[in-house]
Amino acid sequence: MAEAIDHSTLEPWHEIVRGVLKRHDVSLVTYVPDNVLRPLIEAVHADPFFTAFACTREEEALGINAGAWMGGRRGILLMQTSGFATLPNVIASLSVPFSIPTLMMVSERGTLGEFNIGQSMVARTMRPVLSALAIEHHSMTRLDEVEFIVDRGITQAMATMAPVCFILSPLLTGGKVFAK
């Protein structure tokens, strides 16, 4: 019988992610602003270990992280689901062929009451595109799995020199709150 997990002793998801990034020396955080990711973005901005800044597009952020990798620095790109739709070409033409362990974290939109058809379309295609590009991707739905998935995902990306994508389910983050 599985032991019950006491969630009251766990840190919030964004603090867990921040801690794992630090343990893995992922000190560069590029992002396109997103309300769901706001707690993580604010946490890395408040921590002097990190260099964090907003980019105008996801392709720009991925390119910055790739250049940083080539210069010896580890980075992660934070974005929402619709932003992922802009990335398959740059992933397929930069990250994959040049064996850059591109770290991506996506706040999942397009599910669980989404009103925006664009978000819904990308949500349905994101995982198949990641699979077609042979990119490891892991959806996180529970607080008790965040540390394990992010830790092991970064470890594997660095060991295999391959991209990884962490998908933050609204079941974990609470998702975007829509006005009624």
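The sections below set out a description of the structure shown in this document.

Thresholds applied
Residues numbered from 1 in each chain as written. Predicted model: local features only at pLDDT ≥ 70, side-chain atom pairs only at ≥ 80, totals over all residues. Heavy atoms only, no water. Pairing = 2+ DSSP bridges. Helix = DSSP H or I, 4+ residues; strand = E, 2+ residues; numbered from the N terminus. Right-handed = clockwise from strand over helix to strand, strands pointing away. Salt bridge = Lys/Arg side-chain N within 4 Å of Asp/Glu carboxyl O. Buried < 20%, exposed > 50% of the residue type's maximum accessible area, 1.4 Å probe, protein only. Contact = heavy atoms within 4.5 Å. Polar contact = N/O pair within 3.5 Å; in protein donor to acceptor, adjacent residues only side chain to side chain.

**Describing the pairing of strand β2 (residues 51-54)**
Argument step 1. Note: strand β1 (residues 26-31) against β2, four bridges, orientation parallel. Opposite T30, over in β2, you have F53 as the bridge partner.
Argument step 2. After leaving β1, the chain enters helix α2 (residues 38-46) and then returns to the sheet as β2, a path that is right-handed.

**Details of the pattern of salt bridges**
Argument step 1. Scanning the model with the defined rule gives nine salt bridges in all.
Argument step 2. The salt bridge involving R18 is made with E15; its shortest N-O contact spans 2.8 Å. Taken as a pair, R18 and E15 lie in helix α1 (residues 13-23) at a separation of three residues, close to a single helical turn.
Argument step 3. Overall, E15 belongs to the partly exposed group, its relative accessible area being 21%.
Argument step 4. The salt bridge partner of E145 is R142, with a shortest N-O separation of 3.3 Å.
Argument step 5. Note on R142: relative accessible area 43%, which makes it partly exposed.
Argument step 6. Several salt bridges converge on common partners, so that one network encompasses E15, R18, K22 and D47.

**Some remarks on the environment of R73**
Argument step 1. Position of R73 relative to the elements: it lies in the loop between α3 (58-70) and β3 (74-80).
Argument step 2. Each C-alpha atom of the pair R73 and L28 lies 7.4 Å from the other, and the pair is 45 residues apart in sequence.
Argument step 3. Apart from residues no more than four positions distant in its own chain, R73 is found in contact with S27, L28, T51 and A68.
Argument step 4. One polar contact links R73 to T51, side chain to side chain, over a distance of 2.7 Å.

**With respect to unusual backbone geometry**
Argument step 1. You will see that D25, though not glycine, has its phi angle at about 55 degrees, which is positive.
Argument step 2. Structurally, D25 is set in the loop between α1 and β1.
Argument step 3. We note that M161 has phi near 55 degrees; this positive angle belongs to a residue other than glycine.
Argument step 4. Looking at the element boundaries, M161 is found in the loop between α7 (143-160) and β6 (164-168).
Argument step 5. Take M161: its relative accessible area is 31%, and that puts it in the partly exposed class.

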